[in-house]
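Read off the chains here:
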Amino acid sequence: MKTPTFKHRTWLGALALGTLVLLAGCERPPMESTQNGYRGTGMVQVVNPRIQADVIAANQVPEASPAASPDGPKAGQIYQNVKVLGDLSVGEFTRLMVNMTAWVSPEQGCNYCHNGANFADDSLYTKVVARRMVQMTQHINTDWKAHVAETGVTCYTCHRGNPVPKEIWFTADSQPQGSNFIGNKMGQNTPADSVKLASLPYDPFTSYLLKDEPIRVNATKALPTSGGQGESIQRTEKTYALMTHMSASLGVNCTFCHNTQNFGKWDGAPPQRVTAWHGIRMARDLNLAYMEPLTDVFPTNRKGELGDVAKMNCATCHQGANKPLLGAPMLKDHPELAAYRPYTAAASTAPDAAAAPAADAPKQ
């Protein structure tokens, strides 16, 4: 026979177990904080040293390979179908191809992008995409210095040894099949990694990193009504979703970019807010100009549930660090990715050379 004491202990045990389950999703102390503003303003950055250790380990860069000589014939004059980087010497070109293989497909090797029997062949979609990604990298390093500064990016910044970057996104279905019986979900109330398992809208990217919706939270007058004078709860929640993603992607608190006295006010905000402003627009530009046009190139199995291609967000480059790869300037070792390169076509030796290349001609 169960006594009241036994029942009481059982109840306490169940309560303790439930508490442990809830706390399992929390970070255990101690934390480390750094004051970035006046005392009492809350301008501090709080980090978990255990998580930081993993972030540091994940953001190490590979050792740079020795530079190649710029002398000698150009790659575009020797190899066929070199549509970018043709002005590099054969040595520089080969060095970059070897590095790209290590950065993107170390296990698959050259054949991940190339037809091993004919390197000039463009039949593999991965080669078409890779060529466009090289141009995108040059575009970032040339036209988006307001965000990447002179540190720049390389293929490794996003790929980290993976054919597909670890952090990508697809447009999510705002009303997935089967949820109709509970009414319009409005794209939220579904725990998702994109918003750290919150009930916020789980696609904080389509509105801001593909479309150009205004990012707004605070009203500027009493009883706001519309537009810049005030914002709907729905738009506020979408904005919070994006900010949650940005905070988690960079491993920082809100005060890394915002002034706690007035989050919407630019005066007194840290300089990182300007950098972040450019970063949002850079991601949108890259998604629209480089990723979306490749929709017909990618096979179905590489697309999202709505048929769209993978796109980039803050986490694609940052991966938990406020500066990708902890600010390591890999670009200085790869100046060929720092700016747009002129096209240098292979020289023809006969009128039909382009249509019918010699059987022993080098292939690339």
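Keep in mind the model is a prediction, meaning the values are calculated, not measured.

Some remarks on unusual backbone geometry
1) Next: In this structure, Ala149 is a non-glycine residue whose phi angle is positive, near 55 degrees.
2) Next: Within the secondary structure, Ala149 sits in the loop between helix H6 (145-148) and helix H7 (155-159).
3) Next: Judged by its relative accessible area of 39%, Ala149 falls in the partly exposed class.
4) Next: Not every positive phi belongs to a glycine, and Gln319 is a case in point at roughly 50 degrees.
5) Next: Within the fold, Gln319 resides in the segment after helix H11 (314-318).
6) Next: Taking relative accessible area as the criterion, Gln319 reaches 17% and is therefore assigned buried.

With respect to the nonpolar core
1) Next: Judged by nonpolar contacts, the single largest core of 18 residues is most densely connected at Leu85, Phe93, Leu96, Met100, Trp103, Val134 and Leu337.
2) Next: Put simply, the parts of the chain that give this core at least two residues each are helix H4 (90-104) and H7.
3) Next: The element best represented in this core is H4, accounting for five residues.
4) Next: Once you skip the residues sitting within four places of it in the chain, Met100 turns out to touch Ser105, Val134 and Cys155.

Regarding the packing of aromatic side chains
1) Next: Evaluation of the coordinates by the stated rule reveals three aromatic pairs.
2) Next: Here Tyr79 and Phe93 contribute two aromatic rings whose centre-to-centre distance is 5.8 Å and whose plane-to-plane angle is 35 degrees, an arrangement assigned as tilted. Linking Tyr79 in the loop between helix H3 (75-78) and H4 with Phe93 in helix H4, this pair joins segments that are 14 residues apart in sequence.
3) Next: When its relative accessible area of 16% is taken as the criterion, Tyr79 is described as buried.
4) Next: Both rings, one in Trp169 and one in Phe205, keep their centres 5.3 Å apart while their planes meet at 40 degrees; by these two values the pair is tilted. With a gap of 36 residues between them, Trp169 in the loop between H7 and helix H8 (206-210) and Phe205 in the loop between H7 and H8 connect regions that are remote in the sequence. Of the two residues, Trp169 and Phe205, neither departs from the other in class, the shared state being buried.
5) Next: Against the face of Trp266 rests Arg273, its NZ or CZ located 3.9 Å from the ring centre.
6) Next: It is Lys311 that lies over the ring of Trp169; its NZ or CZ is 4.8 Å from the centre.

Parameters and conventions
- Residues numbered from 1 in each chain as written.
- Predicted model: local features only at pLDDT ≥ 70, side-chain atom pairs only at ≥ 80, totals over all residues.
- Heavy atoms only, no water.
- Helix = DSSP H or I, 4+ residues; strand = E, 2+ residues; numbered from the N terminus.
- Buried < 20%, exposed > 50% of the residue type's maximum accessible area, 1.4 Å probe, protein only.
- Core = buried A, V, L, I, M, F, W, Y, C linked by side-chain atoms within 4.5 Å.
- Contact = heavy atoms within 4.5 Å.
- Phe/Tyr/Trp six-rings, centres within 6.5 Å; stacked < 30°, edge-to-face > 60°.
- Lys NZ or Arg CZ within 6 Å of the ring centre and 35° of its normal.

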